[in-house]
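Residues per chain are reported as follows:
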Amino acid sequence: MEASELNAKALARMIDHTELHIDASYSDIRKLCLEAIKYEFASVVIHPVNIPLAAKLLKESMVKVDAAIGFPTGAYTIEGKIFETRDAIKKGAKEIDFVMNVGAFKAGNYSYVVDEMRAIKAAAGDVITKAILETCLLTDEEKVTACQIAEEAGVDFVKTSTGFGEKGATVEDVKLMRRTVGEDMGVKASGGIRTTQDALAMIDAGATRLGTSAGVAIIEGLASEVERHLKEKG
Amino acid sequence: MKKQALARTIKTGIQGTDVTENDVRKAIERAKQYPFIAYAVDTPYLELAKELFEGTGVLLTAPVSYPLGGMTIETRLDQIAFAIKVGADEINPSLNFNAIKSGNFSTVLDEIKRMVEAADDNLDVIVIPQFYILTNEEKLKVCHVILEGGVTAVKTNGHGSLCRPEDITLLRREFGNDLSIEASGGIRTTAQAAELLELGANFIHTSTPYSVLEDAE
């Protein structure tokens, strides 16, 4: 889909509405869920500790609970991540965003990383899995390799960032990831996506999902963005 | 302060997203030149660190829901069981900050009790209340809850924050010697460490122990 053809509803269905702040309270989680219902976002991304509350609030809606697994470093054992994934799904998670073991990847231990991704995918069953590569720590060559590993492991999405790294998603990274995985896999851009323009640029680059805490502003800004776009085109 | 004496107050470690096995090996090799109290690594490297510190007397610290505290109690207990299995000596659980920030201290207390029970006699429990996100009132409330839950040691902050000297004074005034205090967060110099110890910190936690030791005799 060309970004310029998007309407608000379709854009909202690409947004994972995210609240991972260390000091978020139950009322922040409640607000996140109510906004997600109102705007019909794809999911809410939260820490597993908040799953029961979010699952209850979203029970009657299309919005999914999306659990952040191995956050924020991904530096947990495979067994630990499997446990956390199963526990999250048991409590109501319908999507899983996990951080890959970047340390093992950086050491060139690719068989470990593919095993880890396969194991999490298997533990998740039918639940959608997104492998976070933390692209700001990788060279372009490593980004390509990580995408190939994720594809080989059969996870559903590659995702750029946790939002806790030095830098979030860039248009170039999303393009590179899309080029690498082809059309059959999801690409999620996350980290630093604040405006409607940011969001549309990521979609143009090939993102099929956006992780952001600015979903409301992005949707509200769409009308003026479309107007600007049409004006530019004359 | 003498270098060796200062080192005997320091807990350190190597943790982070892109830390490799080789990084851990090199960091531990260097750390073994000083008599540090304890050393923390992420869970995939606990077994390796245990082996590398064998016979040195340095305590091995395992993280639990570190640093964001967003993991469920079940996942925390799983991590504690793993820490026991690999022979760690102490754990640093981050608390449930969402519950704290919602005023739900009964959940915080319940979780602390369950973690203490799981750690049993196998592990010392030093909890991380992440002071940098708490008001003074919350800091005191949380520490009362920690003590009620059977924990007597805190590490003030986790990664990416700054230890405030006032916080050490606050805790000492309120809790006397009932609480062991590990000052943590942005401690980089000998002067900073000396001030925090002077104010009543029992230990200094720093990821840069060599810069902390630099100006000691």
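Quick note: structure is the one above.
Numbering of residues starts from 1 in each chain and follows the order in which that chain's sequence is written. Whichever chain is written first is A, and whichever ligand is written first is 1; the rest continue in order. Only residues with pLDDT of at least 70 are given local features in this predicted model, and only at 80 or more are side-chain atom pairs given and counted; all residues enter the totals for whole chains, interfaces and linings. Calculated side-chain values reflect all of the structure's heavy atoms, with hydrogen atoms and water omitted.

Would you take a moment to explain the overall build of chain A for this structure?
Runs of E in the DSSP output that reach at least two residues are strands. Runs of H or I that reach at least four are helices, and both are numbered from the N terminus. Counting its regular elements, chain A contains 11 helices and 8 strands. The size measure is the radius of gyration over C-alpha atoms, and the globule rule it meets is 2.2 Å times the number of residues to the 0.38 power. Taking 17 Å as the expected radius of gyration for a compact globule of 234 residues, we find that chain A reaches 17 Å, a close match to that expectation. By its C-alpha atoms, chain A is 55 × 40 × 30 Å across when sized along the principal axes. Only protein chains enter the area calculation, which uses a 1.4 Å probe; residues under 20% of their type maximum are buried, those over 50% are exposed, and those in between are partly exposed. By residue count, 59% of the 234 residues in chain A fall in the buried class. For the accessible areas, the method is Shrake-Rupley and the probe is 1.4 Å, while residue cover comes only from the protein chains on display. Of the roughly 9,800 Å² of accessible surface on chain A, 50% is carried by carbon and sulfur atoms. Positive residues here are Lys and Arg, negative ones are Asp and Glu, while His and the chain termini are left out of the count. The atom standing in for a charge is NZ when the residue is Lys, CZ when it is Arg, CG when it is Asp and CD when it is Glu. Taking the average location of the 29 positive side-chain charges in chain A and that of its 36 negative ones, the two points are 5 Å from each other.

For this particular structure, what's the right way to read the overall build of chain B?
Looking only at helices and strands, chain B features 10 helices and 8 strands. Here the C-alpha atoms of chain B give a radius of gyration of 16 Å, agreeing with the 17 Å that 2.2 N^0.38 yields for 217 residues. Projected onto its principal axes, the C-alpha positions of chain B cover 45 × 35 × 30 Å. Expressed as a percentage of the 217 residues in chain B, the buried residues total 58%. Restricting to contacts in chain B with at least 6 residues of sequence separation, those with at least 24 account for 70%. Accessible surface, chain B: about 8,800 Å² in total, of which carbon and sulfur atoms supply 47%. Taking the average place of the 21 positive charges on the side chains of chain B and the average place of its 31 negative ones, the gap between the two points comes to 3 Å. Throughout, a residue-residue contact means that at least one pair of heavy atoms, one from each residue, lies within 4.5 Å.

Got a minute to help me understand the interface of chain B and chain A in this structure?
Contacts between chain B and chain A engage 31 residues on the former and 31 residues on the latter. A combined buried area of about 2,700 Å² lies between chain B and chain A, and 64% of that area is made up of carbon and sulfur atoms. Salt bridge criterion: a side-chain nitrogen from Lys or Arg within 4 Å of a carboxyl oxygen from Asp or Glu. The interface formed by chain B and chain A holds 1 salt bridge in total. K91(A) serves as the salt-bridge partner of E74(B), at 2.9 Å between the closest nitrogen and oxygen. The term polar contact refers here to a pair of N or O atoms within 3.5 Å; inside protein, the definition further demands a hydrogen-donor-capable atom paired with an acceptor-capable atom, and it admits residues adjacent in sequence only when both atoms are side-chain atoms. Where chain B meets chain A, there are 11 residue pairs in polar contact (both at pLDDT 80 or more). Secondary structure elements with two or more residues in the side of chain B that touches chain A: α4 (73-85) and α5 (97-101) of chain B. Here the residues of the side of chain B that touches chain A are counted per class, giving 12 nonpolar, 14 polar and 5 charged. Accessible-area loss on putting two parts together, using a 1.4 Å probe and summing over both, is the definition of buried area adopted here. Residues are sorted three ways: Asp, Glu, Lys and Arg are charged, Ala, Val, Leu, Ile, Met, Phe, Trp, Tyr, Cys and Pro are nonpolar, and all the rest, Gly among them, are polar.

Would you explain the pattern of salt bridges in this entry?
When charged atoms on two side chains of opposite charge get close, those side chains can pair. Residues and elements named next belong to chain A. As enumerated under the stated definition, the model contains 29 salt bridges over all chains in all. The partner of K188 in a salt bridge is D97, and the shortest N-O contact between them spans 2.7 Å. Of the two residues, K188 sits in strand β7 (residues 186-190) while D97 sits in strand β4 (residues 95-99), which places them 91 residues apart along the sequence. Like K188, the residue D97 is buried in the burial classification. K121 serves as the salt-bridge partner of D156, at 3.1 Å between the closest nitrogen and oxygen. Of the two residues, D156 is situated in the loop between α7 (140-153) and β6 (157-159) and K121 in helix α6 (residues 110-124); the sequence distance between them amounts to 35 residues. Bridged by salt links that share partners, the residues D16, K64, D66, E95, D97, K130, K159, K188 and R209 form one connected network.

How should I be thinking about the nonpolar core in this particular structure?
One broad trend across soluble globular proteins is that nonpolar side chains are buried collectively. The set of buried Ala, Val, Leu, Ile, Met, Phe, Trp, Tyr and Cys residues whose side-chain atoms join them within 4.5 Å is what this entry labels a nonpolar core. In this structure, Y39(B), V41(B), I91(B) and I146(B) are the most contacted members of the largest nonpolar core, which totals 71 residues. Element by element, the count of residues in this core is highest for helix α6 (residues 105-119) of chain B, at 6 residues. Sequence-distant contacts of I91(B), that is, excluding residues within four places in its chain, are made with A62(B), V64(B), I80(B), A83(B), A119(B), L123(B), D124(B), V125(B) and I126(B). Core analysis: the next-biggest nonpolar cluster, separate from the first, contains 62 residues, A36(A), I69(A), V102(A) and V158(A) among them.

What is the right way to read the sheet that holds strand β5 (residues 124-125) of chain B from this model?
Pairing between the strands of a sheet comes from backbone hydrogen bonds, and it takes one of two forms, parallel or antiparallel. Residue and element names in this part refer to chain B. Two strands form a pair only when DSSP identifies at least two bridges running between them. Pairing is parallel in the open sheet, where 8 strands are placed in the order β5-β4-β3-β2-β1-β8-β7-β6. One side of each edge strand has no neighbouring strand; the edge strands of this open sheet are β5 and β6 (153-155). In the packing of helix α2 (residues 21-31) onto the sheet, the strands contacted are β1 (10-14) and β2 (38-41), and the crossing angle to β2 comes to about 175 degrees. All axes here are fitted lines through C-alpha atoms, helices being fitted over the stretch that makes contact, and every angle between N-to-C directions spans 0 to 180 degrees.

Explanation requested: the environment of I84(B) in the structure shown.
Residue and element names in this part refer to chain B. Take I84: it is sitting in helix α4. Considered as a pair, I84 and A31 are 53 residues apart in the sequence and their alpha carbons are 23 Å apart. Setting aside residues up to four positions removed in sequence, I84 forms contacts with A118, A119, N122 and L123.

Can you walk me through the packing of α6(A) against α7(A) in this structure?
Any two packed helices are characterised by the angle at which their axes cross and by the distance between the axes. Residues and elements named next belong to chain A. At a closest axis distance of 9 Å, the pairing of α6 and α7 adopts a crossing angle of 45 degrees. Taken together, α6 and α7 sit at an angle that is classed as oblique. As α6 runs across α7, the sense of the crossing is right-handed. Judged by residue contacts, Y110, V113, V114, M117, R118 and K121 of α6 engage T145, I149, A150, E152 and A153 from α7. Each residue belonging to the contact of α6 with α7 can be placed in one class, and the counts come to 7 nonpolar, 1 polar and 3 charged. An angle below 35 degrees is treated as roughly parallel, one above 145 as roughly antiparallel, one from 65 to 115 as roughly perpendicular, and anything else as oblique. We call a crossing left-handed when the near helix sits turned anticlockwise from the far one by less than a right angle, and right-handed when that turn is clockwise.

Explanation requested: the pairing of strand β1 (residues 15-18) of chain A in the structure shown.
In regular strands, side chains alternate between the two faces of the sheet. Residue and element names in this part refer to chain A. Where burial is concerned, the two faces of β1 agree: the one with I15 and H17 and the one with D16 and T18 are both buried. With 3 bridges joining them, β1 and strand β8 (residues 209-212) adopt parallel strand pairing. Directly across from H17, in β8, lies its bridge partner T212.

What should I look at first to understand helix α8 (residues 171-181) of chain A in this one?
Residues three or four positions apart in an α-helix share a direction because the helix packs 3.6 residues into each turn. Residue and element names in this part refer to chain A. Those residues of α8 that sit buried are D173, V174, L176, M177, R178, T180 and V181. Along its buried surface, α8 packs onto α7, β6, β7 and α9 (196-205). G182, located one to two residues past α8, shows a positive phi value of around 75 degrees.

Everything listed here is a matter of coordinates, which is why it stays silent on function.
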